[in-house]
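Spelled out from the first residue to the last, the chains are:
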Amino acid sequence: MLVGALVCASTAALAEDDESQVRFGGRFSTAMQLGLSGCSSAESCRFLNFRNANVLGLTVDAAPSKTVELKAGVAVRNINIAEIETFDDTGDIAKVQPVDIRPLESKIVLYDLFGAEGLDLTAGYVRVAWGTADGVSPTDIVNAYDLEDGSGFDARLPTMAVGLGYTVSRFRFDAWMLPLFEPAILPVDNIDVTALGDTANVFDLRDLSSDAPPEIRQVETPTTTPENDASNIAVAARARWESPVGDFSLMFYRGHESLPQAHGDARLTGFQTSNRVDLGVPLVYPTLMMAGADWRGELGGDFSGWVDVGVFFPGEAALSVSRSQLEALVTLGRIDAVPSPLPRQVTQDDAPYVKVAAGADVLLDDTVYLNLQYAYGSALERQRADLHHYALLAMRISLLDGRLELEARGVLEATASGSLGFQAGGAISWLHGDAARLSLSTTFLDGESGTTLRKLDRMSHLRLSVDTRF
């Protein structure tokens, strides 16, 4: 419906103004992902749902006048993984063949606003891209993460925003207001994006009882998002200079993190028996402020490089325990006494921390592309004590005039204690008819205990996909 309305509106504008320009486009892709984690037999190999079985994206770009541009789009996703729980569900097409519709970046840009040359206004559903690092820029936090894939952190969701920009000579200034909070989208198969750790240790029940402590049967995570009021408006600003030695930027952001964190009163519920309970762990989206800088330029020869640095000022998050909850366990005889002081677990402290990404790339003989990068801290690491070191390598070889492409990717993670994690992957793709690309790719993630990549091992997969643009 959105694209249909845009088509009608753009066609009408084109008819009224011969100078108007309208361009329609789209993309269709189909993909299947076979999970590799624990895949020791055919019965244990499951197909992963990344909500991308069939994706049809339609876009429109229009220029009703020389100072007005419009860009909009919508994606229709046929998930193709049935959600049947009862026999009656078999009569519901929405559960037999689930479909979701989501907007792509959709915005309007007004140039030379009020007749002031270089002044522009952007409003709509916007992707505000910050940072210059390839794929893992630590300063690219204005938009929420798109972690449906679970194995990459370069995708973002557009969000409602209004931005005012001004360009003069080699300088560019941008100020953004994001009135509505938008959380990250996470994989269907849950991954731990918090710093909670082992839920069995939340109450330290094993240390409070001389007998066997209650068994935590299941964990519920009620989640609270920031209220959409004026007090939670996010703001961002950036100043950029195109200097003779590269592009420099200074940036600032104040808002909320798009990933949740455990915070509040943990509750024991669902007392099934005296030794089986349910645990409720509340999640919130903490406040966050960041000041950052980046640079990208030529290093000499065919090499280019970049550096991104962000200083983060997070809001504190902690889990506390209700006295009445512990008193109930005493009454049931499952713990000896209510401890004093009451247990409290800090899941994220408010100490400032720094994230960095630096790297270089080169294209050799228009055939081999190499990209090497170092990063300190990832998206899932949100306090100083959790930051890890990463080395990232990507290589792409283009053969037969670009019809055949070979890719290899690798990530090595190292913690302060010496634990190692890794991500390895590759792809082979063939361009058919100069329009459709057939690809077979794989991504495998794992690591030692305490590494971030270990949390993502269930996202390891083998993917077959076909993609075409029109």
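Notes on the structure follow. (Residues numbered from 1 in each chain as written. Predicted model: local features only at pLDDT ≥ 70, side-chain atom pairs only at ≥ 80, totals over all residues. Heavy atoms only, no water.)

### A few points about the overall build of the protein chain
In plain terms, the rule: Here a helix means four or more residues in a row that DSSP labels H or I, a strand means two or more in a row labelled E, and each is numbered from the N terminus. Throughout, radius of gyration means the C-alpha value; the globule benchmark is 2.2 Å times the number of residues raised to the power 0.38. Only protein chains enter the accessibility calculation, which uses a 1.4 Å probe; a residue whose area is less than 20% of its type maximum is buried, one above 50% is exposed, and one in between is partly exposed.
Each helix and strand counted, the protein chain has four helices and 28 strands in total. Against the globule reference of 23 Å for 470 residues, the protein chain gives a C-alpha radius of gyration of 25 Å, in line with a compact fold. Based on the C-alpha atoms only, the size of the protein chain along its principal axes is roughly 80 × 50 × 50 Å. Taking all 470 residues of the protein chain together, the buried fraction comes to 41%.

### Concerning the state of the cysteines
Heads up, the condition is: The definition used for a disulfide is geometric: two cysteine sulfur atoms within 2.5 Å.
All told, the structure shown has one disulfide when counted by the stated rule. Across the disulfide from Cys-39 sits Cys-45; the S-S distance is 1.4 Å. Taking the sign of the S-S torsion, 90° for the link of Cys-39 and Cys-45, the bridge is right-handed.

### Observations concerning the pairing of strand E26 (residues 420-432)
Spelled out, the test is: Pairs of strands are assigned from DSSP output, requiring at least two bridges between the strands.
Summarising the sheet, strand E25 (residues 404-414) and E26 pair through eleven bridges and their orientation is antiparallel. When the sheet's bridge partners are listed, Glu-405 is paired in E26 with Ser-429. The hairpin turn running from E25 into E26, its antiparallel successor, is five residues long, and Gly-418 in that turn takes a positive phi close to 95°.

### Some words on the pattern of salt bridges
Filter applied, for reference: For this analysis, a salt bridge means a side-chain nitrogen from Lys or Arg found within 4 Å of a carboxyl oxygen belonging to Asp or Glu.
Per the stated rule, a full pass over the model turns up 20 salt bridges. Arg-27 is the partner of Asp-467 in a salt bridge, and the nearest nitrogen-oxygen pair spans 2.5 Å. Of this pair, Asp-467 sits in strand E28 (residues 461-469) while Arg-27 sits in strand E1 (residues 21-35); the two residues are 440 residues apart in sequence, bridging distant segments of the chain. Given the relative accessible area of 37%, Arg-27 is considered partly exposed. For Arg-463, the salt bridge is made with Asp-149, and the minimal N-O distance between the two is 2.7 Å. Of the two residues, Arg-463 is situated in strand E28 and Asp-149 in the loop between strand E7 (119-126) and strand E8 (159-168); the sequence distance between them amounts to 314 residues.

### A look at a nonpolar patch on the surface
Quick note on the threshold: Like charges are joined within 9 Å and nonpolar side chains (Val, Leu, Ile, Met, Phe, Trp, Tyr) within 5 Å, but only among residues with over 30% relative accessible area and no salt bridge; these make up the patches. Using the Shrake-Rupley algorithm and a 1.4 Å probe, accessible areas are obtained, with residue cover drawn only from the displayed protein chains.
A contiguous nonpolar patch, built from Met-32, Phe-47, Leu-399, Leu-400, Leu-406, Ile-428, Trp-430, Leu-438, Leu-440, Leu-462, Leu-464 and Val-466 and spanning about 1,000 Å² of accessible area, is present on the exposed surface. Elements with a minimum of two residues in the nonpolar patch: E26, strand E27 (436-447) and E28. Along the polypeptide, Leu-464 turns up in strand E28. Overall, the relative accessible area of 39% leaves Leu-464 in the partly exposed class.

### Digging into the nonpolar core
Stated formally: Side-chain atoms within 4.5 Å link the members of a nonpolar core, which is a set of buried Ala, Val, Leu, Ile, Met, Phe, Trp, Tyr and Cys residues. Any two residues having at least one pair of non-hydrogen atoms within 4.5 Å are treated as being in contact.
In terms of nonpolar packing, the biggest core is built from 36 residues, with Trp-130, Ile-141, Val-142, Tyr-145, Trp-176, Tyr-253 and Leu-456 touching the most fellow members. For this core, the elements supplying multiple residues, two or more each, are strand E9 (171-178), strand E12 (234-243), strand E13 (246-256), strand E18 (287-300) and strand E24 (389-399). When neighbours within four sequence positions are excluded, Tyr-253 is seen to be in contact with Trp-130, Ile-141, Val-142, Ala-234, Val-235, Ala-236, Leu-288, Met-289 and Met-290. Ranked by size, the runner-up nonpolar core spans 13 residues in total, among them Ala-262, Leu-268, Leu-326 and Ile-335.

### Describing the packing of aromatic side chains
Short version of the rule: Only Phe, Tyr and Trp rings are paired, with Trp represented by its six-membered ring, and only when their centres lie within 6.5 Å; those with planes under 30 degrees apart are stacked, over 60 edge-to-face, the remainder tilted. Working rule: Lys NZ or Arg CZ, within 6 Å of ring centre, within 35 degrees of ring normal, means a charge sits over the ring.
Under the definition given, this model contains six aromatic pairs. Ring centres 5.2 Å apart and planes at 10° place the aromatic pair Phe-312 and Tyr-353 in the stacked group. Taken together, the residues Phe-312 in strand E19 (residues 303-314) and Tyr-353 in strand E22 (residues 353-364) connect sequence positions 41 residues apart. Each member of the pair Phe-312 and Tyr-353 is classed as buried. The rings of Phe-171, Phe-173, Trp-241 and Phe-248 are connected pair by pair, giving a single aromatic cluster. Just above the ring of Phe-312 sits the side chain of Lys-355; from NZ or CZ to the centre is 5.6 Å.

### As for the sheet that holds strand E17 (residues 283-284)
Strand pairing in a sheet relies on backbone hydrogen bonds. The paired strands run either parallel or antiparallel. With mixed pairing, the three strands of this open sheet are ordered in space as E11-E17-E14. Sheet topology places strand E11 (223-224) and strand E14 (261-262) at the edges, where each strand pairs with a single neighbour. Pairing geometry for E14 and E17, over two bridges, is antiparallel. What sits directly across from Gln-261, in E17, is Val-284.

### Let's talk about the layout of surface pockets
Just so we agree on the cut-off: Buriedness for pockets is judged along seven lines, at least five of which must meet protein on both sides within 12 Å for an open set on the 1 Å grid over protein atoms alone, while cavities are sets there where a 1.4 Å probe fits but cannot get out, and lining residues have an atom within 4 Å of a point. Grid points are joined across faces, edges and corners, and a volume is the space filled by probe spheres set on the points. Each residue gets one of three labels, nonpolar for Ala, Val, Leu, Ile, Met, Phe, Trp, Tyr, Cys and Pro, charged for Asp, Glu, Lys and Arg, and polar for the others, Gly among them.
For the second largest pocket, the calculated volume is near 530 Å³. Elements with a minimum of two residues in the lining of the second largest pocket: E1, strand E3 (54-65), strand E4 (68-78), strand E6 (106-110), E7, E9 and E12. Tallied by class, residues from the lining of the second largest pocket come to twelve nonpolar, four polar and 13 charged.

### Considerations on the environment of Arg-46
Structurally, Arg-46 can be placed in the loop between E1 and strand E2 (47-48). When its relative accessible area of 27% is taken as the criterion, Arg-46 is described as partly exposed. Linking Arg-46 and Tyr-145, residues 99 residues apart in sequence, is a C-alpha distance of 25 Å. Residues within four places of Arg-46 in sequence aside, it is in contact with Gln-33, Leu-34, Gly-35, Asp-189 and Arg-458.

### A closer look at the pairing of E24
One ladder, built from nine bridges, connects strand E23 (residues 368-376) with E24; its direction is antiparallel. Across the sheet, the residue bridging to Ala-375 is Tyr-390, located in E24. Relative to E25, E24 runs antiparallel, the two being bridged by eleven bridges. Paired with His-389 across the two strands is Ala-414, which belongs to E25. In this structure, the hairpin formed by E24 and E25 is closed by a connection of four residues, where Leu-400 is found at a positive phi of approximately 55°.

### A look at helix H4 (residues 323-331)
We apply this condition: To obtain the arc, one takes the directions from the helix axis to the C-beta atoms.
Turning to H4, its buried residues number three or more, namely Gln-325, Leu-326 and Leu-329. Projected onto a plane normal to the axis of H4, the buried residues spread over an arc of 95° and lie on a single side.

### Topic: a negative patch on the surface
Selection rule: In summary, the charge assignment counts Lys and Arg as positive and Asp and Glu as negative, without counting His or the chain termini. All charge positions are set by atom: Lys at NZ, Arg at CZ, Asp at CG, Glu at CD.
A contiguous patch of negative charge, built from Glu-298, Asp-302, Asp-365 and Asp-366, is present on the exposed surface. The residue Asp-366 is located in the loop between E22 and E23 in this model. For Asp-366, a relative accessible area of 67% puts it in the exposed group.

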